[in-house]
Amino acid sequence: MELGADGFEQKLPLLEELILGSDFLGLDIEFTGLRSIFPKGQQTSLFDSPAEWYLKTKQSIQQFTVCQIGLSMFSSMGRKSNKYIAHSYNFFLFPTTLGIMDSEFSFQASSILFLNQYGFDYNKFLKNGIPYMNEEQEKKIKQDLLTGNWKVRSTLDKDQMKVVIDEVTRWLEMAQEGDWMTLPDITGFQAFEVQLVLRQALPTVWTLMKDRGVLVKKVSRQYRWCLENSSRDHDDCRREKILLSARGFAVFFQMLVKAKKPLVGHNMMMDLLHLHEKFYRPLPESYEQFKLNIHSLFPVLIDTKNVTKEIWKELSFPRASNLLEVYEVLNSDLNPTKNSCPVIIHASECIKYVETKYPHEAAYDAFLCGSVLLKVAHLLLYRSTGTSLLGQKLSLSPFLTRLLPRISLPIFFPPAYRPLCWLPLLRLIQSKADSGGIKLEPTFPQYLDVLGPYVNQVNLIRACISKINFSGPDSPSSRPPTLILKVKRWPGVDEEQIYYEFKDLCKFDVRRFTRNQFLLMTNKFKDVRIVLQEYRYHPDLQVTLYRYWRHSPNINCILQISGIVTAWAFLAFILGGSPSNV
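Residues numbered from 1 in each chain as written. Predicted model: local features only at pLDDT ≥ 70, side-chain atom pairs only at ≥ 80, totals over all residues. Heavy atoms only, no water.

By the naming in an unreviewed UniProt entry, the protein goes by Poly(A)-specific ribonuclease PNLDC1 and is assigned to Sarcophilus harrisii. According to the UniProt record, the Subcellular location (unreviewed entry) comment for the protein is "Endoplasmic reticulum membrane". Under Sequence similarities (unreviewed entry), UniProt gives the following word-for-word description of the protein: "Belongs to the CAF1 family." (UniProt positions renumbered as here; feature names shortened; annotations may be inferred.)

Printed below as a string of structure tokens:
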């Protein structure tokens, strides 16, 4: 289902109910751009520490904005069936522009072409986007409303406001007390601004908001005072209503934070950065503070990219380059648990996703995230229990094999008599098995338990580590080993030339190490093997594995100094240790 500014506030109670009743939430976000084009040497690279990567990426987050958020709320349909219903929503967003509050953001050509390719509707984004703000912007709006320090934000709006005031002023000269006039085609925040400015400028008018315009009524100063002090609950221009409308999606964001439901995404690092910047607070300078903030907002994060990346290494699944391909592999016969996987049903408002694929539409991708999570968790549970009978009817024998060791008898039963104590239970189980079998259905808490090693581990694409741990220290690097290249007979060679030297064979990030040495890093272990083999006997380019104790200039300097000191000490010992003549 699609939601824009029109009708968003009316949907908030239903959305809150769906969130609170869900087991977990799938998330996807579309942006006006992905990464800023930085000068040479300032782009993100595999040499970056997580803190360096964060500071570089932070600039891109501040430059671009969110144009669409997809949320899919997954709810179990009961303990006795492994079925889930997914309520998927597309939210079109546009930054709040109210009073002096305004925003600047960029469009990246490649991102626009990408979204166009998949049918993104920019009219819904630009013309009917749900407003939003973060907590700092909300404080500023509150201050302006409380102090009455209200200013129109742009020259265009000032000109339009002047025309409106002139029109109302001319009408007031001819109007009688109690007369009405209509200012047509004024909606949204402009309607709030028109009312605020008219009430400030003209003490003998009262305003009301209607469907497609603003009504202006001529009143006496005394009646105006009565209206201001007695109709606050019904006043369209009261501060609380303006603030609620201005906050927009930020109200819904606070519902998500308060619910503390597991949040699931695919390659979700950029999503988390935008959520923090756009709806919570401006991104902090400290990488560690960012991690703490996100963990406070969303205590349970699951990145399906990180989970599937680990599983794909162990199983003979074909390479999947995007989320839809991952979903299709898990839905294929290659998945040994395909027939016992959870059944996922689309809610009635999302029926268009039943037959048709909508890749890179935010709500559809959010649905894919949640579906992949359930299927992967089911596969992991199957592997951990070592049975293919999950969700199927069990005969007596395998059922007992798993059940009996887990049931403990009271300690006062002597061991010799304990087998007799099983007889009533055996008869009960036998009757269940004879009447059609016993069906075991996994629950979502079981799925969450088996996903434990992956919780709060979010994939990181270009940095010296492959994932960020939001609930503790980051794990050591699992990247392929770094290579060191020593160059002979190539004066003036730079990093770009080295990059193009290896480009046709495989791609490396290159960093100068010394005058004639360069470090090479890649994401793929096979690239390391290929280069070591291909350049093994190269006359001018010597490639070896980088070893800190062997190649570090600091260590080499210390060893050289130590060698010199040792040599002088040895020489002094030889010269000073000769036996004296008696």
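Still to come is the rest of the account.
A. Quick peek at the overall build of the protein. A tally of helices and strands in the protein yields 23 helices and 18 strands. The buried share among the 582 residues of the protein stands at 46%. Counting every atom, the protein has about 31100 Å² of accessible surface; 55% of that belongs to carbon and sulfur. (Helix = DSSP H or I, 4+ residues; strand = E, 2+ residues; numbered from the N terminus. Buried < 20%, exposed > 50% of the residue type's maximum accessible area, 1.4 Å probe, protein only. Areas by Shrake-Rupley, 256 points an atom, 1.4 Å probe, with all protein chains shown as cover.)

B. Local environment of a nonpolar patch on the surface. Among the surface-exposed residues, I564, W568, F570, L571, F573, I574 and L575 lie close enough to one another that they form a single nonpolar patch of about 830 Å² accessible area. Summarising the element assignment, L575 is placed in helix α23 (residues 553-576). Relative accessible area serves as the criterion here: at 63%, L575 is assigned to the exposed category. (Patch = residues over 30% accessible without salt bridge, like charges linked within 9 Å, V, L, I, M, F, W, Y side chains within 5 Å. Salt bridge = Lys/Arg side-chain N within 4 Å of Asp/Glu carboxyl O.)

C. Structural detail: the pattern of salt bridges. A complete count under the given rule lists 13 salt bridges for this structure. Residues R247 and E138 are paired through a salt bridge, measuring 3.3 Å at the closest nitrogen-oxygen approach. One end of the pair, R247, is in helix α9 (residues 239-247); the other, E138, is in helix α5 (residues 135-147), with 109 residues separating them in the sequence. The pair R247 / E138 is uniform in exposure class, with both members buried.

D. Here's a closer look at the packing of helix α14 (residues 323-330) against helix α15 (residues 362-385). Orientation of α14 relative to α15, taken along the N-to-C sense of each, is 40°, at an axis distance of 10 Å. The pairing of α14 with α15 is recorded here as oblique in orientation. Considering the relative orientation of α14 and α15, their crossing is left-handed. Judged by residue contacts, L323, L324, V326, Y327 and L330 of α14 engage Y364, D365, F367, L368, C369, S371, V372, K375 and V376 from α15. (Axes fitted to C-alpha atoms, helices over the stretch in contact; angles between N-to-C directions. Parallel < 35°, antiparallel > 145°, perpendicular 65-115°, else oblique. Left-handed = near helix turned anticlockwise from the far one by under 90°. Contact = heavy atoms within 4.5 Å.)

E. Inspection of the packing of aromatic side chains at higher detail. Inspection of every chain in the model, using the stated rule, returns 35 aromatic pairs. Taken together, F8, Y89, F91, Y132, F249, F252, F253, F279 and F298 form an aromatic cluster joined through their ring pairs. When the ring centre of W206 is taken as reference, the NZ or CZ atom of R199 above it lies at 3.8 Å. Its end group placed over the ring of Y358, K352 keeps NZ or CZ at 4.5 Å from the ring centre. (Phe/Tyr/Trp six-rings, centres within 6.5 Å; stacked < 30°, edge-to-face > 60°. Lys NZ or Arg CZ within 6 Å of the ring centre and 35° of its normal.)

F. Focus on the environment of I61. By secondary structure assignment, the location of I61 is in helix α2 (residues 50-63). Remark: the alpha-carbon pair of I61 and L34, spanning 27 residues in sequence, is separated by 8.0 Å. Contacts of I61, omitting those with residues within four sequence positions, involve M270, L273, H274, E277, K278 and L283.

G. Structural context of the sheet that holds strand β7 (residues 213-218). One open sheet accounts for 3 strands, arranged β5-β7-β6; its pairing is antiparallel. Every other strand in the sheet has two partners, leaving β5 (180-184) and β6 (205-210) as the edge strands with one partner each. For this sheet, the mean inter-axis angle between neighbouring strands, taken without regard to orientation, is 25°. Of the pairings in the sheet, the one linking β5 to β7 comprises 5 bridges and is antiparallel in character. Across the sheet, L183 pairs through a bridge with V214, a residue of β7. (Pairing = 2+ DSSP bridges.)

H. Broad picture of the nonpolar core. Residues F91, F249 and F252 are the most contacted members of the largest nonpolar core, which totals 52 residues. Top contributing element to this core by residue count: helix α10 (residues 249-259), with 8 residues. Among the nonpolar cores identified, the runner-up in size contains 39 residues, and F74, V307, Y327 and L379 belong to it. (Core = buried A, V, L, I, M, F, W, Y, C linked by side-chain atoms within 4.5 Å.)

I. A look at the environment of R199. Structurally, R199 can be placed in helix α7 (residues 188-201). R199 gets classed as buried once you look at its relative accessible area, which sits at 12%. Separated by 25 residues in sequence, R199 and R224 have C-alpha atoms that sit 9.6 Å apart.

J. Quick look at helix α21 (residues 525-534). Buried within α21 we find D527, V528 and V531. One side of α21 carries all its buried residues, which in axial view fall inside an arc of 100°. What points out from α21, more than 90 degrees from its buried face, is the exposed set R529 and Q533. Residues of α21 that are buried make contact with β15 (483-487), α20 (495-503) and β18 (541-545). (Arc of directions from axis to C-beta.)

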